[in-house]
Amino acid sequence: MRESGKMNRILSDIRFFFAAAIVLVLFFLIFEAVRHHNSIMDAEPATDYSKAWSYEDGSPVDLNNLRHGERITIMKKIDDEVVDDLMLCFFSKNIYFTVYMDGDALYDFHPKPPAIFGKTYGVFPHTVNLPVMYEDSTLTIIMDNIYPDNPGFIRGMVLDHGSQFLIQSFQGSTGDFLLCLIVFGFGVVLFIIGVIGRYFGENRFEIISVGTFAMVAAVWVISETSILPVVTGSPIPVHFMDYIALDLLPLPGIMFATAVAGERKSKLVLIFGVLTAVKIIGSVISTACGGLDYHQLLSFTHVLLGLTVVAVVTVVVRGIMKGTIRRKLKLVFFLSLIFSLIMGVVDIVRYILDSHAYNRASYYKYGLFFFIFMCGVYEIIMISELSRRGQYAEIMEEMAYRDGLTGLLNRMAFNREIAAAAKEEKNRTLIMVDLNDLKGVNDKMGHDQGDTYIVKIAECMREAFSHGEQCFRIGGDEFFIMTDYTNADPILEESVQAMKAGVEKFNSEFGYEIPLQFAYGYSEFVPGTDIEEEIRTADQRMYEMKTEMKAGV
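On a predicted model such as this, the values are computed, not experimentally measured, just so you know. (Residues numbered from 1 in each chain as written. Predicted model: local features only at pLDDT ≥ 70, side-chain atom pairs only at ≥ 80, totals over all residues. Heavy atoms only, no water.)

Points about unusual backbone geometry
What counts here: A run of H or I in DSSP becomes a helix once it reaches four residues, and a run of E becomes a strand once it reaches two; helices and strands are each numbered from the N terminus. Each residue gets one of three labels from its accessible area relative to the maximum for its type: buried under 20%, exposed over 50%, partly exposed in between, using a 1.4 Å probe on protein chains only.
Positive phi, close to 50°, is recorded for Asp 102, a residue that is not glycine. By secondary structure assignment, the location of Asp 102 is in the loop between strand E5 (95-101) and strand E6 (104-109). For Asp 102, a relative accessible area of 48% gives the class partly exposed. Of note in the backbone geometry, Asp 437 takes a positive phi value of approximately 55° without being a glycine.

Regarding the pattern of salt bridges
Quick note on the threshold: When a carboxyl oxygen of Asp or Glu is within 4 Å of a side-chain nitrogen of Lys or Arg, the pair counts as a salt bridge.
Applying the stated criterion to the full structure yields 11 salt bridges. In this structure, the salt-bridge partner of Arg 71 is Asp 144, at a minimum N-O distance of 2.7 Å. On the criterion of sequence distance, the pair formed by Arg 71 in strand E3 (residues 71-78) and Asp 144 in strand E8 (residues 137-145) is long-range, its members being 73 residues apart. Residue classification places Arg 71 among the exposed residues on the basis of a relative accessible area of 58%. Residue Asp 144 is classed as buried on the basis of its relative accessible area of 15%. Between Glu 417 and Arg 416 there is a salt bridge; the shortest N-O distance is 3.2 Å.

Here's the deal with the nonpolar core
The condition is simple: The definition of a nonpolar core used throughout is a set of buried Ala, Val, Leu, Ile, Met, Phe, Trp, Tyr and Cys residues joined through side-chain atoms within 4.5 Å. Contacts were defined at the residue level, with two residues in contact if any of their heavy atoms lie within 4.5 Å.
Core analysis: the largest hydrophobic core is formed by 50 residues, its most contacted members being Trp 220, Leu 249, Leu 368, Phe 369 and Ile 372. With 10 residues, helix H5 (residues 203-222) is the largest single contributor of residues to this core. When sequence neighbours within four positions are dropped, the list of residues in contact with Leu 368 reads Phe 213, Ala 217, Trp 220, Leu 249 and Ser 340. Core analysis: the next-biggest nonpolar cluster, separate from the first, contains 32 residues, Phe 109, Ile 141, Ile 154 and Ile 236 among them.

What about the sheet that holds E5?
What counts, and what does not: Strand pairing is assigned whenever DSSP detects at least two bridges linking the two strands.
Sheet architecture is open: 5 strands sit in the order E2-E3-E8-E5-E6, paired in antiparallel fashion. Edge strands, defined here as strands with exactly one partner in the open sheet, are strand E2 (54-55) and E6. Taken together, the 2 bridges between E2 and E3 define a ladder with antiparallel strand orientation. Looking at E3, one finds that Ser 54 is bridged to Met 75.

Description of the side chain of Asp 434
Cut-off, in case you're wondering: Each polar contact in these results corresponds to two N or O atoms within 3.5 Å; when the atoms are within protein, one needs to be able to donate a hydrogen and the other to accept it, and residues that are neighboring in sequence are counted only if both atoms are side-chain atoms.
You can see Asp 434 is positioned in strand E10 (residues 428-435). A relative accessible area of 5% places Asp 434 in the buried class. Here Lys 546 takes part through its side chain, which lies 2.7 Å from a polar atom of the side chain of Asp 434. In this structure, Asp 434 is in contact with Asp 477, Glu 478, Gln 517, Phe 518, Ala 519, Met 542 and Lys 546, ignoring residues within four places of it in sequence.

Shape is all these values report; function is a separate question.
Here is the structure:
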């Protein structure tokens, strides 16, 4: 009922309708932008330019199956009328090359990144500016295979306007790029909530694991898009990021699985942490030293991923059988895990059938994002529930340690804080305060007036001692103040005088038959001494003052 009432209040607030209207407008704007994404593009299609290429010996070239070898040269006669100010556009993978026209270099792609990044750059788009020609010419491409035994390729070769070609290549991965940004941001938010959030206890590692898994998955997928390499102008470092992110992917997956299955002390996390570190460090050293690089060591990554799948399934099944996985989470795991595994199998089959495909969409990444989305939604629900319970527990604790009449800390809180102060290496001033003649006030003026006096002295105390001191009501008319400074600090005398001034103002305003009065005594606690003895000393001094006040001194 309470949640329903809260939702009704939200729906009845005009600010909700303004916010909802803004969100709808934003979705409409994004939809329209996507729907008309080709509104200014040239209506003429690009000209296929992948035919009629030949090797130096005159044999025809099949760009889908280039010859093996370290260096390959292909050439083509070009017609100036066909070119007509267009650019030569294509995608390449695992080759460095130079484009010549009649012996003059037009475009050179031989990047020289630090050795630690390796040589591969994934699939990268190129646009080669062809000069104005007045007669037929010969176009030559000299290619250096990064892996001579497994030649790279040139695909999608067309004559087109360079900007149009790049835009169209971006459009193919725009959805993945935006999705990765959303998932990465989602992961960052979950990670931060898990680290700094309250009330989560051991569940925070579950939240942190999901956030980390989402960030790693997003980095892995976004590095596979054509947008990031082109925007950064660094295809090789981006592809290096791709390999490392793929190596990192198993570890947060194991962390999350063991957390939700209640196996927080499982050695699997340590084992996969070591395996991940060995794989990454070994790959970096091997690549930097000129040995096998990341691409050639990819089979070890696949083995690690396979072991991760087996380990995660084992942990989940064991958690379900033991009942340590919460009931709501079972459905999330079954749906998302099975779906992502099926998509992974589909991708493996497609890769076996055509390992050179350059524009094939990965189904596994959608399964992965679906898994992250399902687990993330569950974690958000869990965060909300844990926060609600934590706030309720905090309120109950506050009520347990607060005096109901004055709002000051009560006797239970006094016992707790005194025990804590006794263990700290800090000087403190302890002040005992007691109302004078409260019994007379109750007998002659009524208990309501007595309560008024109690509330007023607490109010004066709280206002005067407002520098971080702790104020307690430890009995009917007994109060206690604990400061974190010595009795030589001028602030002590200033606070006592401020409290007296507040009491005098109350008495002058109302002029009751029995005025509000209090007695006090204080003592200084020094670490290494008995704090209980110092409290008794303050209490004794308070009674001495009370006696003097009764005697009219």
